[in-house]
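# An overview of the molecular structure
The residues making up each chain are set out below.
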Amino acid sequence: MKTSLQSLWMMWENVFSYITKFRSESVWQYGICKLVVRQHHGKSIICQGGYRIANGDWVGELHLDNQQVLELVREFGSDRAGLKTARMLRSALKQISRELDSNPELLKVQALVGITLLHRGIIHGIGFEQHPIESTGLRRFYKMYLCLLLRVLHPEGKERVQQSAEKLSPMMLVISKQSLEERFARRKHVVEIKIS
């Protein structure tokens, strides 16, 4: 039953990916991440350091490739899959950081954004800022959708949602292009110092 639901979900994701192409400027794949380039609509987002994402600015909307996540869960179990997903996410963000500075089609992207329930664990050490979703309607929609996703893909998803329903609050994660570049440039510099 679980496998059938997962297969149905993946079919829906393929349809959603197709629709996404028409609501965005472009879609890129970097490892376990899909980067959807679109314009920010709504209130300005004030980041740490004073950087401001205004209405109409170009952003990269991050989506995990759930097919890859599902394959990791099936092969390694949920705990190891979570660790591997976090490592693959960091690797993808490193690639994206380089592309934002060198790919002519991505130079206009000023920040990366994403919506997730799992913000406590998956962003550790990456540098994303957490911002609340101000719209009550959107917050409820994202919670319903992401809890359903968790129930379908996670082996103990149903139990996890039931036990931690109050703690599972969707958040917007944001990192500016400048912060992303500085983070990976700093890490590269540290590695070079250690090697020399």
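The model shown is predicted, which means the values in this text are computed figures rather than measured ones.

### Some details on the packing of aromatic side chains
Scanning the entire structure with this criterion turns up 1 aromatic pair. The lysine or arginine in question, Lys 84, covers the ring of Phe 76, its NZ or CZ lying 4.5 Å from the ring centre. Lying across the ring of Trp 58, Lys 108 places its NZ or CZ 3.9 Å from the centre.

### Things to note about the packing of helix α2 (residues 66-76) against helix α3 (residues 78-102)
When two helices pack together, their arrangement is given by the angle between the helix axes and by the axis-to-axis distance. At a minimum axis distance of 7 Å, the contact between α2 and α3 shows a crossing angle of 140°. As far as their axial angle goes, α3 and α2 are oblique. The handedness of the crossing between α2 and α3 is right-handed. Contacts between α2 and α3 involve Gln 68, Val 69, Leu 72, Val 73 and Phe 76 from the first element and Ser 78, Arg 80, Ala 81, Lys 84, Thr 85 and Met 88 from the second. Residues of the contact of α2 with α3, tallied by class, amount to 6 nonpolar, 3 polar and 2 charged.

### Overview of α2
The set of residues buried in α2 consists of Asn 66, Val 69, Leu 70, Leu 72 and Val 73. Burial along α2 is one-sided: seen end-on, the buried residues are contained in an arc of 160°. In this structure Asp 65 caps α2, since a side-chain oxygen of it lies 3.1 Å from the backbone nitrogen of Gln 67. Residue Gly 77 follows α2 closely and has a positive phi angle near 90°.

Thresholds, definitions, all that
Residues numbered from 1 in each chain as written. Predicted model: local features only at pLDDT ≥ 70, side-chain atom pairs only at ≥ 80, totals over all residues. Heavy atoms only, no water. Phe/Tyr/Trp six-rings, centres within 6.5 Å; stacked < 30°, edge-to-face > 60°. Lys NZ or Arg CZ within 6 Å of the ring centre and 35° of its normal. Axes fitted to C-alpha atoms, helices over the stretch in contact; angles between N-to-C directions. Helix = DSSP H or I, 4+ residues; strand = E, 2+ residues; numbered from the N terminus. Parallel < 35°, antiparallel > 145°, perpendicular 65-115°, else oblique. Left-handed = near helix turned anticlockwise from the far one by under 90°. Contact = heavy atoms within 4.5 Å. Nonpolar A, V, L, I, M, F, W, Y, C, P; charged D, E, K, R; others polar. Buried < 20%, exposed > 50% of the residue type's maximum accessible area, 1.4 Å probe, protein only. Arc of directions from axis to C-beta. Polar contact = N/O pair within 3.5 Å; in protein donor to acceptor, adjacent residues only side chain to side chain.

Everything listed here is a matter of coordinates, which is why it stays silent on function.
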